[in-house]
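Structure assessment
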Amino acid sequence: MTTLIILVLLILAAFILGWLISRLLFKGGSSVDDANILALISEREGELAACRNHNSTLNTKNIAANSFVADTPSLSSTPEITVASAPIVNTIVEATRVDDLKIVEGIGPKIEELLNKAGIKTFAQLESTSVARLNEILEEAGPRYQMHDPTTWPRQSGLANNGKWNELKILQDALNKGKV
């Protein structure tokens with residue numbers, strides 16, 4: 001009987017000791033982690049506020065740069081009229097937009113790089129580029145690229161540019177490495 005009581009007391013002592021150790025280890029770690037997380041959140045909120053402030057400053061500058069004042073000297077009672085256009089945001093996005101030209105059958109990473117260097121970075125630009133100009137770009141790159149046939153590239157990029165993905169897939173299924 002005394003052996004059983006000693007065993008129960010040892011198990012109880014081991015449980016309490018394990019519980020105390022786990023509380024000390026995890027409680028100390030969590031408060032440090034919580035402090036770090038709160039510091040990171042505070043830092044990111046500051047960055048977000050600075051970004052929003054900078055964005056509103058840019059929008060104000062764009063509105064000011066794109067506005068004009070119409071004066072009517074003959075009507076002195078007419079107040080000054082200010083007309084502002086929308087900020088020029090879309091043109092900036094369009095200028096930096098780059099499409100994945102590798103979607104076009106026959107264009108791989110190297111040819112896409114050649115086209116990008118030649119100023120062709122979007123489906124719209126590729127669509128409006130003549131086959132002769134595409135051949136020139138390939139010829140200038142060397143004999144390794146002259147075997148490619150860009151005949152269908154403008155048509156494929158036109159379909160991609162207009163979001164006609166099913167038609168593009170049908171066309172590409174009929175092609176053999178970009179060739180008719």
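Check the entry above for the structure.
What you see is a predicted model, and the numbers here were worked out from it, not measured in a lab. (Residues numbered from 1 in each chain as written. Predicted model: local features only at pLDDT ≥ 70, side-chain atom pairs only at ≥ 80, totals over all residues. Heavy atoms only, no water.)

Each helix and strand in the chain was counted, giving 7 helices and 2 strands. Evaluated residue by residue, the chain yields a buried proportion of 17% over its 180 residues. A sequence separation of at least 24 residues applies to 40% of the contacts in the chain between residues at least 6 apart. For the chain, the accessible surface area stands at approximately 13300 Å², while carbon and sulfur atoms represent 62% of it. (Helix = DSSP H or I, 4+ residues; strand = E, 2+ residues; numbered from the N terminus. Buried < 20%, exposed > 50% of the residue type's maximum accessible area, 1.4 Å probe, protein only. Contact = heavy atoms within 4.5 Å. Areas by Shrake-Rupley, 256 points an atom, 1.4 Å probe, with all protein chains shown as cover.)

Examined against the element boundaries, Gln156 turns out to sit in helix H6 (residues 153-161). A polar side-chain atom of Gln156 sits 2.7 Å from the main-chain amide nitrogen of Glu105. The residues touching Gln156, leaving out its near neighbours within four places in the chain, are Val104, Glu105, Leu168, Leu171, Gln172 and Leu175. (Polar contact = N/O pair within 3.5 Å; in protein donor to acceptor, adjacent residues only side chain to side chain.)

Once that is clear, we can look at the packing of H6 against helix H7 (residues 165-174). To describe two helices that pack against each other, one gives the angle between their axes and the distance between the axes. Packing of H6 against H7 leaves a shortest axis separation of 8 Å and a crossing angle of 155 degrees. Here H7 runs roughly antiparallel to H6, going by the angle between their axes. Here H6 runs over H7; the crossing is left-handed. Contacts from Arg155, Gln156, Leu159 and Ala160 of H6 reach H7 at Trp165, Glu167, Leu168, Leu171 and Gln172. Residue composition of the contact of H6 with H7, by class: 5 nonpolar, 2 polar and 2 charged. (Axes fitted to C-alpha atoms, helices over the stretch in contact; angles between N-to-C directions. Parallel < 35°, antiparallel > 145°, perpendicular 65-115°, else oblique. Left-handed = near helix turned anticlockwise from the far one by under 90°. Nonpolar A, V, L, I, M, F, W, Y, C, P; charged D, E, K, R; others polar.)

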